[in-house]
Amino acid sequence: MTGLRRELGVWGAASIVVGTVIGSGIFLVPRKMVLETGSAELVFAVWIFGGLLSLAGALTYAELASMMPEAGGEYNYLKAAYGPFWGFLYGWTQMWVAKSGSIATLATGFFYYLANFRPELDRTVFVIPLPLGAGGAPLDVSAGQLLAIGVILALGWLNWFGIRVGGGVQVAVTALKVLLIVWIIGVGLASPSAPHGATALTGARGGVAGFFAALVAALWAYDGWNNLSMVSSEVKSPQRNLPRALIFGTGAVMVIYLLTNVAYFRVLTPAEVASSDRVAAVMMQRAIGPWGASLVSIAAMISIFAALNGSILSGSRVPYAMATDGYFFRRFSVVHERHAAPGFSILALSGWSAVLVLSGRYDQLVTLVIFPSWILYGMAGAAVLVLRRKMPNVARPYRTLGYPVIPVLFVGVAGFLTIQTLLHSARESLLGLGLILCGLPFYLFWNRQRHAALGDRQ
């Protein structure tokens, strides 16, 4: 039986981290962070704190990834630490809502930025005469949605040709993205400084509540560093390269985010940052004129494109891993003989993500699963502690720096975000939990089939 091949080097692995983390967040969240904290100084404190927390997660996952360099990432860690049911819940969530919804959101963001140049993308192409739209109305389908679907399917087709092709594209597009962002940073740092007579923004929430509200936004912008663990079985020399790529990639993102914000606040006052949901475009327009704002849209599109490719590449390995273990549809476990890629899993994830784009409901779905997803992320981080006791003799090529403080810190953050989500979105959180538990009958069916097959072999 054909299996996956280890063809992804350390730079390809690091590009998955950087490419999937840096999407549209750096262009959007500074506004919310200023509105919550009220000052540039506190925004930088939040970025640093959020970066260190993400680095704590990367350090924690580095031990797990080097210990279990297999496709599926958190699916394997949860399965090993707590049993197959918890791994299944994670994989089920990723396939049907979390990863597919994230891909749909990224593709839609891509067409939103492209619409700055081609406004006709907002035009309705046809109407589906079924009560699928808002409030039970017919569903309008725009040209931009069709473009977003085309981008998803094109990248799915590209990744069907294997990790060497998909990884090569990831390296190239991530490098281009980083160069453009570095250029934007350079323009900002070389521009005249804005008058900062009043550094505090009046009307901001401020205090501890404002700090942690801004932290949630920052952690959303840092989200995605864990995607590398999903393709662990295709990384060369995983015991060495996985920890390096996780730690270097997360650290590089933190530096890029901080320098980008230095550029923003050099050119713009906190009040100006707070008044625009396109802070990078406003900064570039102030610095070099209208064409600078157009350049930001291009940079954002390239950034989103890299995040899309990395999400499809990595996310498709989760249902593949589940199917290989017998906990998902068997077809997902098939690996293409020539390309050594889980072709059906890639195309199925891409196809379902495209359906979510068409439905227009992906944002609501992602919101619904934030609560249960962070429970599972926290459990995956805690797996380091559990497996140190449960499997003490298994080789650990990399051991988490600062153990057990670092893993406990990461688990504490996951717990905090879970509680905050439940307190502020109780209805959505409980609905999301119910949505995920809909997979329980499927788990029971596949678990029964798996045990029956094992019994027949004996």
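Conventions used here
- Each chain carries its own residue numbering, running from 1 in the direction its sequence is written.
- Residues qualify for local features only when their pLDDT is at least 70, as the model is predicted, and side-chain atom pairs are given and counted only at 80 or more; totals for whole chains, interfaces and linings, by contrast, use all residues.
- Where side-chain values are given, they derive from all heavy atoms of the structure, hydrogens and water being excluded.
- Helix and strand assignments come from DSSP, with helices taken as H or I runs of at least 4 residues and strands as E runs of at least 2, each series counted from the N terminus.
- Every radius of gyration here is taken over C-alpha atoms, with the globule rule written as 2.2 Å times N^0.38, N being the number of residues.
- Residue exposure (1.4 Å probe, protein chains only): buried if accessible area is under 20% of the type maximum, exposed if over 50%, otherwise partly exposed.
- Charge counting follows a simple rule: Lys and Arg are positive, Asp and Glu are negative, and His as well as the terminal groups are ignored.
- The location of each charge is read from NZ of Lys, CZ of Arg, CG of Asp or CD of Glu.
- Here, a salt bridge means any Lys or Arg side-chain nitrogen found within 4 Å of an Asp or Glu carboxyl oxygen.
- Two rings from Phe, Tyr or Trp (for Trp, the six-membered ring) form a pair when their centres sit within 6.5 Å of each other. Planes less than 30 degrees apart are called stacked, planes more than 60 degrees apart edge-to-face, and all others tilted.
- We call a charge positioned over a ring when the NZ of a Lys or the CZ of an Arg lies within 6 Å of the ring centre and within 35 degrees of the ring normal.

Asks: Run through the overall build of the protein, naming residues and quoting values.
Replies: Across its full length, the protein holds 18 helices and two strands. In summary, the protein has a C-alpha radius of gyration of 22 Å against a globular reference of 23 Å for 458 residues, a match within 12%. Taking all 458 residues of the protein together, 56% fall into the buried category. With 31 positive and 18 negative side-chain charges, the protein shows a spacing of 7 Å between the two charge centroids.

Asks: Break down the pattern of salt bridges for me, with residues and values.
Replies: Under the definition given, this model contains nine salt bridges. The partner of arginine 164 in a salt bridge is glutamate 7, and the shortest N-O contact between them spans 3.3 Å. In this pair, arginine 164 is assigned in helix α7 (residues 163–190) and glutamate 7 in the segment before α1 (10–21), connecting sequence segments 157 residues apart. Overall, arginine 164 belongs to the exposed group, its relative accessible area being 59%. A relative accessible area of 19% means that glutamate 7 is categorised as buried. Where arginine 396 meets glutamate 63, a salt bridge forms, and the shortest distance between an N and an O atom there is 3.3 Å. Of this pair, arginine 396 sits in the loop between α15 (362–390) and α16 (405–424) while glutamate 63 sits in helix α3 (residues 40–67), and the two are 333 residues apart along the sequence. Taking the relative accessible area as the measure of exposure, arginine 396 reaches 9% and is therefore buried. Note on glutamate 63: relative accessible area 1%, which makes it buried. Through salt bridges with shared partners, a single ionic network connects Arg5, Glu7 and Arg164.

Asks: Let's hear about the packing of aromatic side chains: which residues, and what values?
Replies: Per the stated rule, a full pass over the model turns up 36 aromatic pairs. Seen from their ring centres, phenylalanine 328 and phenylalanine 329 are 5.2 Å apart, and the 70° between their planes marks the pair as edge-to-face. According to the relative accessible area criterion, phenylalanine 328 is buried, its value standing at 2%. Across from the ring centre of tyrosine 403, 3.8 Å away, lies the NZ or CZ of arginine 388, which sits over that ring.

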